[in-house]
Amino acid sequence: MPTVAFHTLGCKVNHYETEGIWNMFKENGYERVEFDRQSDVYVINTCTVTNTGDKKSRQVIRRAVRKNPDAVVCVTGCYAQTSPGEIMEIPGVDVIVGTQNRKNMIDYIEQHQRTREPINGVSNIMKNRVFEEMDVPAFTDRTRASLKIQEGCNNFCTFCIIPWSRGLLRSRDPENVIEQAQNLVDAGYKEIVLTGIHTAGYGEDMNDYNFARLLRELETRVDGLKRIRISSIEASQITDEVIDVLDKSEKIVRHLHIPLQAGSDSVLHRMRRKYSTGYYKQKIDKIRKALPGLAITSDVIVGFPGETKEEFMETYQFVREIGYSELHVFPFSRRTGTPAARMNDQVDDDIKNERVNQMIELSNQLAKKYASDYEEEVLEVIPEEQVDEGSANFLQGYTDNYLKVRFSGSPELIGKLVRVKITKSGYPYNEGVFVRVMDDAAGAADKQPI
Ligand code: SF4
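Source: prediction; values computed, not measured.

**Student:** Please clarify how the overall build of the chain should be interpreted in this entry.
**Tutor:** Helix and strand counts for the chain come out as 13 helices and 19 strands. Relative to the globule expectation of 22 Å for 450 residues, the C-alpha radius of gyration of the chain, 22 Å, shows essentially globular dimensions. Per-residue burial for the chain yields a buried fraction of 55% across its 450 residues. A fraction of 72% describes how many contacts in the chain between residues 6 or more apart in sequence connect residues 24 or more apart. Of the roughly 19,800 Å² of accessible surface on the chain, 47% is carried by carbon and sulfur atoms. For the chain, the separation between the mean place of its 59 positive charges and that of its 67 negative charges on side chains is 2 Å.

**Student:** So what exactly am I meant to see when it comes to the sheet that holds strand E12 (residues 255-257) here?
**Tutor:** Whenever strands of a sheet pair, they do so through backbone hydrogen bonds, lying parallel or antiparallel. Taking strand neighbours across the sheet as the criterion, the 3 strands line up as E12-E13-E14 in an open arrangement whose pairing is parallel. Both outer strands of the open sheet, E12 and strand E14 (326-331), are each paired with one neighbouring strand and no more. Each adjacent strand pair in this sheet contributes to an overall mean axis angle of 15 degrees, direction not counted. Here 3 bridges tie E12 to strand E13 (residues 295-302), and the two strands are oriented parallel to one another. Note that in E13 the partner of leucine 256 across the bridge is isoleucine 296. Contacts between helix H13 (residues 349-372) and the sheet are confined to E13 and E14, with E14 contributing the most and set at about 175 degrees to the helix.

**Student:** So what exactly am I meant to see when it comes to helix H8 (residues 211-221) here?
**Tutor:** One turn of an α-helix holds 3.6 residues; hence residues three or four places apart share an orientation. For H8, every residue scored as buried is listed here: Phe211, Ala212, Leu214, Leu215, Glu217, Leu218 and Glu219. As for H8, its buried residues are in contact with helix H7 (174-186), strand E10 (191-195), strand E11 (227-230) and helix H9 (240-248). The backbone nitrogen of alanine 212 has a side-chain oxygen 3.3 Å away, supplied by the residue at the start of H8, namely asparagine 210.

**Student:** Please explain the packing of H7 against H8 as it appears in this structure.
**Tutor:** Each packed pair of helices is defined by two parameters, the angle between the axes and the distance between the axes. The contact between H7 and H8 brings their axes to 10 Å, and the two run at 40 degrees. The two elements H7 and H8 meet at a crossing, and its hand is right-handed. Contact residues: Pro174, Glu175, Val177, Ile178, Ala181 and Gln182 in H7; Leu214, Glu217, Leu218 and Arg221 in H8. In the contact of H7 with H8, the residues fall into 6 nonpolar, 1 polar and 3 charged.

**Student:** I tried to follow the pattern of salt bridges on my own but got confused; where do I start?
**Tutor:** Where charged atoms from two side chains of opposite charge come close, those side chains can pair. Per the counting criterion, the structure on display carries 27 salt bridges. For arginine 355, the salt bridge goes to glutamate 307, with nearest N and O atoms at 2.8 Å. Here glutamate 307 lies in the loop between E13 and helix H12 (309-322) and arginine 355 lies in helix H13, a separation of 48 residues in the sequence. Looking at arginine 355, the relative accessible area reads 9%, which means it is buried. Given the relative accessible area of 6%, glutamate 307 is considered buried. Through salt bridges that share partners, Glu17, Arg102, Lys148, Glu151 and Arg166 make up one connected network.

**Student:** It is not clear to me how the sheet that holds strand E7 (residues 145-148) should be interpreted in this structure. Could you clarify?
**Tutor:** Taking strand neighbours across the sheet as the criterion, the 3 strands line up as E7-E10-E11 in an open arrangement whose pairing is parallel. The open sheet is flanked by E7 and E11, the only strands paired with a single partner. Adjacent strand axes in the sheet meet at a mean angle of 30 degrees, parallel and antiparallel pairs treated alike. Bridging between E10 and E11 involves 4 bridges; their strand directions are parallel. Within the sheet, the bridge partner assigned to isoleucine 192 lies in E11 and is isoleucine 228. Helix H1 (residues 12-27) rests against E7 and E10 of the sheet, and its axis sits at about 90 degrees to E7. Packing of H8 onto the sheet brings it into contact with E10 and E11, and relative to E11 it is tilted by some 160 degrees.

**Student:** Can you help me understand the domain arrangement of the chain in this one?
**Tutor:** Interface size is often expressed as the accessible area that is lost when the parts come together. Split into domains, the chain comes out as domain 1 (3-123), domain 2 (145-370) and domain 3 (378-446). Taking only C-alpha atoms, the centre of domain 1 and the centre of domain 2 are 29 Å apart. Counting from both sides, the interface comprises 15 residues of domain 1 and, opposite them, 20 residues of domain 2. Buried surface at the junction of domain 1 and domain 2, both sides included, amounts to about 1,400 Å², of which 53% is carbon and sulfur. It is Lys12, Val13 and Tyr16 in domain 1 that bury the most area against domain 2; as a group they hold 40% of the surface buried on that side.

About the cut-offs
Residues numbered from 1 in each chain as written. Predicted model: local features only at pLDDT ≥ 70, side-chain atom pairs only at ≥ 80, totals over all residues. Heavy atoms only, no water. Helix = DSSP H or I, 4+ residues; strand = E, 2+ residues; numbered from the N terminus. Rg over C-alpha atoms; globule rule 2.2 N^0.38 Å. Buried < 20%, exposed > 50% of the residue type's maximum accessible area, 1.4 Å probe, protein only. Contact = heavy atoms within 4.5 Å. Areas by Shrake-Rupley, 256 points an atom, 1.4 Å probe, with all protein chains shown as cover. Lys, Arg positive; Asp, Glu negative; His and termini not counted. Charge placed at Lys NZ, Arg CZ, Asp CG, Glu CD. Pairing = 2+ DSSP bridges. Axes fitted to C-alpha atoms, helices over the stretch in contact; angles between N-to-C directions. Polar contact = N/O pair within 3.5 Å; in protein donor to acceptor, adjacent residues only side chain to side chain. Left-handed = near helix turned anticlockwise from the far one by under 90°. Nonpolar A, V, L, I, M, F, W, Y, C, P; charged D, E, K, R; others polar. Salt bridge = Lys/Arg side-chain N within 4 Å of Asp/Glu carboxyl O. Domains from an automatic or database assignment. Buried area = accessible area lost by both parts, 1.4 Å probe.

Structure below.
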């Protein structure tokens, strides 16, 4: 049996796609082995979101070539899409496939095995208007299943290279989304995270369908699905219809990730983010009114070119005012090829680091405050893994409102929906005690995901 090994860099979408690529290999009779073992084929799914992403991708490619110089080394993903020439120059790289036409990957590999000629299968992504289907029936090491519903982005924020690696926005056929979701539930997953590059932009390229309708159909048509999580939603995508769906839903979790990036109008303008702080705040107020207690997380970039102390403080105050339950703080990264990388007034690393620390400190305070409201409450948790703490074994998982919880319980509970009482709130995790299992139904729906 031929063997294949994978290494994935970057985001959830890449991890999702590696599982889809692995599924294709499996159907072609391959066996999967660990990346540090000898393999006939190595597939490296690369990331290009920062210059460091490129560098790390190159390192991993070289590692694969060293491991088995006779193997076929196939490079795919975002860095492969944007810089195929650079990758071809790395000695030992045999096949390159970007972020589309993955269905050709195995043919290219077999062709290379016959001819020994390098193959560059990357084509222009900007011309692509169709979502590329890939089956992902299960995940190798996760309890939470991702489901990719869309590809690409039309926004072209000045700091971001992603539209160049993923192309323009295109949505997955709704029937295929429902079918994939049902397959995942049948494989034992309780929670599905809807993922994409600009996830809630789903439907913007369709005339008679939209994101709200997809949510409604997932809720009503997928048997046995317990939780739906949206990986990210822009403020502008929180329409009245989406609010109504969230309000009525029993499955969509009480958590939204709504990227902010900056809480200063002048910085937002330089980022080309297409909204003001006033607009963003208004959306938050509206959704909080409909869904009190909603956990809102966000991304913030600190040290964007030209960011003054005053602008940083505007962001700081705005973040405090919104009261997020957690923030992902990123120091601005000068991504070659983006307009922001060429801007004057780049912020010194020292200042950037200082501001990052200040913002992380604020995020920690806000997270603790949000969690403290849930002390003594009984919440639904899906334990995802076992964690060792000295001599004791704990289970760890997330509540629907995205609190990380540790509690003592049997490993058989992993992947199930259970009730846990929060006994001590905190950050990065809360402590709790197991109350009971929510669903004891026998059969496929209760199988452990592998
Ligand atoms: S919205 Fe902006 S940051 Fe997000 S993928 Fe599109 S261009 Fe990049």
